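Analysis of the macromolecular model
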Amino acid sequence: MPVFFESVWVDVNIDNGSPTSPVTNPPDLTGVPSATSGAPQHWRFMINRHKRSISVCTADGSARLVPLEETYKLKWHKGWLPYQLKNLPKK
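Residues numbered from 1 in each chain as written. Predicted model: local features only at pLDDT ≥ 70, side-chain atom pairs only at ≥ 80, totals over all residues. Heavy atoms only, no water.

Relative to the helices and strands, Asp60 resides in the loop between strand 2 (53-58) and strand 3 (63-67). In sequence terms Asp60 and Val3 are 57 residues apart; their C-alpha atoms lie 9.3 Å from each other. A polar side-chain atom of Asp60 sits 2.5 Å from a polar atom in the side chain of Thr58. Among the polar contacts listed, one links the side chain of Asp60 to the side chain of Ser62, at a separation of 2.7 Å. (Helix = DSSP H or I, 4+ residues; strand = E, 2+ residues; numbered from the N terminus. Polar contact = N/O pair within 3.5 Å; in protein donor to acceptor, adjacent residues only side chain to side chain.)

Moving on, we get to the sheet that holds strand 1 (residues 2-5). Spatially, the three strands line up as an open sheet ordered 1-2-3, and their pairing is antiparallel. Strands at the two margins of the open sheet, each flanked by one partner only, are strand 1 and strand 3. Each adjacent strand pair in this sheet contributes to an overall mean axis angle of 40 degrees, direction not counted. One ladder, built from five bridges, connects strand 2 with strand 3; its direction is antiparallel. Paired with Val56 across the bridge in strand 3 is Arg64. (Pairing = 2+ DSSP bridges. Axes fitted to C-alpha atoms, helices over the stretch in contact; angles between N-to-C directions.)

The subject of this paragraph is a nonpolar patch on the surface. Among the surface-exposed residues, Val8, Trp9, Val10 and Val32 lie close enough to one another that they form a single nonpolar patch of about 440 Å² accessible area. Assignment of secondary structure puts Val32 in the loop between strand 1 and strand 2. (Patch = residues over 30% accessible without salt bridge, like charges linked within 9 Å, V, L, I, M, F, W, Y side chains within 5 Å. Areas by Shrake-Rupley, 256 points an atom, 1.4 Å probe, with all protein chains shown as cover. Salt bridge = Lys/Arg side-chain N within 4 Å of Asp/Glu carboxyl O.)

Centre-to-centre distance and the angle between the planes together describe a pair of aromatic rings. Considering all chains together, one arrives at six aromatic pairs under this definition. On the numbers, 5.4 Å between centres and 75 degrees between planes, the contact of Phe5 with Phe45 is edge-to-face. In this pair, Phe5 is assigned in strand 1 and Phe45 in the loop between strand 1 and strand 2, connecting sequence segments 40 residues apart. Residue classification places Phe5 among the partly exposed positions, given a relative accessible area of 24%. Seen from their ring centres, Phe45 and Trp76 are 5.5 Å apart, and the 25 degrees between their planes marks the pair as stacked. You can see Phe45 sitting in the loop between strand 1 and strand 2 and its partner Trp76 sitting in the segment after strand 3, a full 31 residues away along the chain. For Phe45, a relative accessible area of 0% gives the class buried. Grouping aromatic residues by their ring pairs yields a cluster made of Phe5, Phe45, Tyr72, Trp76, Trp80 and Tyr83. (Phe/Tyr/Trp six-rings, centres within 6.5 Å; stacked < 30°, edge-to-face > 60°. Buried < 20%, exposed > 50% of the residue type's maximum accessible area, 1.4 Å probe, protein only.)

Here His42 shows up in the loop between strand 1 and strand 2. Judged by its relative accessible area of 3%, His42 falls in the buried class. Side chain to side chain, His42 and Trp43 meet in a polar contact 3.3 Å long. Leaving out residues up to four positions away in the same chain, His42 has contacts with Val12, Ile14, Val23, Thr24 and Tyr72. (Contact = heavy atoms within 4.5 Å.)

Shown next as structure tokens:
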């Protein structure tokens, strides 16, 4: 379960979505939504660092790089439904 991770903000309220109804992809990978986008908070950690990966520290004390497409495959909470993100922006 992720505890700490790279982000452009100090906290994130993350929505799950599902494989058949995934979360909305960000328009870019800056982590900063435009003023008119009404961006979901998960965009805060969808940032192009470490070759499209972010550092994630988990509750078991481990840390690793997680590719952005695999961030939703992590078990964010007890009822989380894991799936892979697709069609993320190039930059």
